[in-house]
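Reading the structure
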Amino acid sequence: MATSTSAVVEQLSTIAKQHPTVCDAEVVVNILAQQSMQTLPEIAQVGCTALWNLSSDGMVRAYIVQAGGIRLVLSIIDTYRQQQQQHKNQCSCCNTTAKTTKTANDNDAKRDWVLFMASGVLCNLTYQDDQSDDSTLDTPAHTTHQDEVLTAAIRGGICQFATNLMKREQNNIQIQEKGCWMLWTISHEPEGREAICNGDACRDILRAMEHHMDVTSLQEQAAGALWNLSEDCELMLGTCEWVQSLLRAMRSHPESVGVARHACGALVHLVDDFTPHHLHEYDGVKDVTQAMISFPYDVILQEQACAILAQLATW
């Protein structure tokens, strides 16, 4: 069985590194559909990693959904969530030694990885590119059914699954980037924004931005999450941390329209709902006007930036 497991892990690892194809997706779905494979953390982790890579391609993503991929991933999440809860219950009513504690921590780490990857795949599978020409929001679009699936998953704790590994792997750029993308996707839903705010996941987003300031895609996704959150979340908006992080992102990536657009989108709500002195204090007006000059044809950015300047003018 050990040899068989190793061979499957190697096969899935290879697929995870290749260009996404429907044939590879079929292989991964068939492997993970076997209950005996699902319950092995090493296979579940690398299998979900492969699915994450595969589902980044629109055509392959559609195949995975059609092949029952959403039900499959939900099953994996449910299995490891139950294991996680059982472990917590056992730890609360038994004495532990150093050896058993290490084993428990190792198992916790494996479960965190599986739940993180599976939750990311679910976000990918419920994601649809918005092809409409008149779209005004730079956020993931979903069908009604996918909205329902994602909302149910949010209630099931995928926000916590994202942040658990982000806390554990703070120096892992890929995990931080994937985590910010997941939180950005989750924050598209009202219940997702509530879960992020109540779980203090805002701190994880800000920490990722601070520790990995040179990663453009991470900054763009994190700023996108903050834009969505700034509409609802009142737990941290009274502080200057959001403003500082957003302005640093714009200054560190002046060539990125995505960073500038998302940052300005968030700053609109920060300036509107709270005293704007933080923006003046950190010389943010210069960053906003520079973004307008750098990207004159980006309508969304221009609208958000003009709204910021209009609010500052009346302060």
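For clarity, every value in this text was computed on a predicted model and none was experimentally measured.

This part is about the environment of cysteine 202. Looking at the secondary structure, you find cysteine 202 in helix H12 (residues 201–211). Taking the C-alpha atoms as reference points, cysteine 202 and leucine 229, 27 residues apart in sequence, are found 8.6 Å from one another.

With a probe scaled to a water molecule rolled over the atoms, the places where space remains empty come into view. In this model, the largest pocket occupies a volume close to 430 Å³. What lines the largest pocket is a set of 22 residues, among which Thr49, Trp52, Asn53, Gln174 and Lys178 lie closest to the centre. Among the secondary structure elements, those contributing two or more residues to the lining of the largest pocket are helix H4 (41–54), helix H5 (58–66), helix H7 (98–125) and helix H10 (173–186). Within the lining of the largest pocket, the residues separate by chemical class into eight nonpolar, 10 polar and four charged.

Looking now at the packing of H12 against helix H14 (residues 241–252). Where H12 meets H14, the closest approach of the two axes is 10 Å, and the angle between their N-to-C directions is 35°. For the element pair H12 and H14, the recorded crossing hand is left-handed. Here H12 contributes Cys202, Arg203, Leu206 and Met209 to the contact with H14, which in turn contributes Glu241, Trp242, Ser245, Leu246 and Ala249. The class makeup of the residues in the contact of H12 with H14 is six nonpolar, one polar and two charged.

In this section: the nonpolar core. With 95 residues, the main nonpolar core has Leu51, Ile158, Leu226, Leu267 and Ile308 as its most contacted residues. At 10 residues, H7 tops the list of elements feeding residues into this core. Those residues in contact with leucine 267 that sit more than four places away from it in its chain are Val243, Leu246, Leu247, Met250, Leu279 and Ile308.

A separate point is the pattern of salt bridges. Applying the stated criterion across every chain yields a total of 10 salt bridges. Measuring nitrogen to oxygen at the nearest pair gives 3.3 Å for the salt bridge that ties lysine 286 to aspartate 283. Judged by its relative accessible area of 39%, aspartate 283 falls in the partly exposed class. One network of salt bridges, with partners in common, ties together Lys167, Asp204 and Arg207.

Attention now goes to unusual backbone geometry. The phi dihedral of aspartate 200 falls on the positive side, at around 60°, and the residue is not glycine. Aspartate 200 gets classed as partly exposed once you look at its relative accessible area, which sits at 37%. Phi at aspartate 283 is positive, roughly 60°, even though this residue is not glycine. Turning to its location among the elements, aspartate 283 is positioned in the loop between helix H16 (277–281) and helix H17 (284–294).

With that settled, consider the packing of helix H9 (residues 158–168) against H12. Packed helices, taken two at a time, are described by the angle between their axes plus the distance between the axes. One way to put it is that H9 packs onto H12 with a least axis distance of 10 Å and a crossing angle of 40°. Comparing their axes, H12 and H9 come out oblique. Relative to H12, the crossing made by H9 is left-handed. Where H9 abuts H12, its residues Cys159, Thr163, Met166 and Lys167 lie against Ala201, Asp204, Arg207 and Ala208. The residue makeup of the contact of H9 with H12, split by class, is four nonpolar, one polar and three charged.

Parameters at a glance
- Residues numbered from 1 in each chain as written.
- Predicted model: local features only at pLDDT ≥ 70, side-chain atom pairs only at ≥ 80, totals over all residues.
- Heavy atoms only, no water.
- Helix = DSSP H or I, 4+ residues; strand = E, 2+ residues; numbered from the N terminus.
- 1 Å grid on protein atoms, 1.4 Å probe; cavity = no way out; pocket = protein on both sides within 12 Å on 5 of 7 lines; lining within 4 Å.
- Points joined across faces, edges and corners; volume = space filled by probe spheres on them.
- Nonpolar A, V, L, I, M, F, W, Y, C, P; charged D, E, K, R; others polar.
- Axes fitted to C-alpha atoms, helices over the stretch in contact; angles between N-to-C directions.
- Left-handed = near helix turned anticlockwise from the far one by under 90°.
- Contact = heavy atoms within 4.5 Å.
- Core = buried A, V, L, I, M, F, W, Y, C linked by side-chain atoms within 4.5 Å.
- Buried < 20%, exposed > 50% of the residue type's maximum accessible area, 1.4 Å probe, protein only.
- Salt bridge = Lys/Arg side-chain N within 4 Å of Asp/Glu carboxyl O.
- Parallel < 35°, antiparallel > 145°, perpendicular 65-115°, else oblique.

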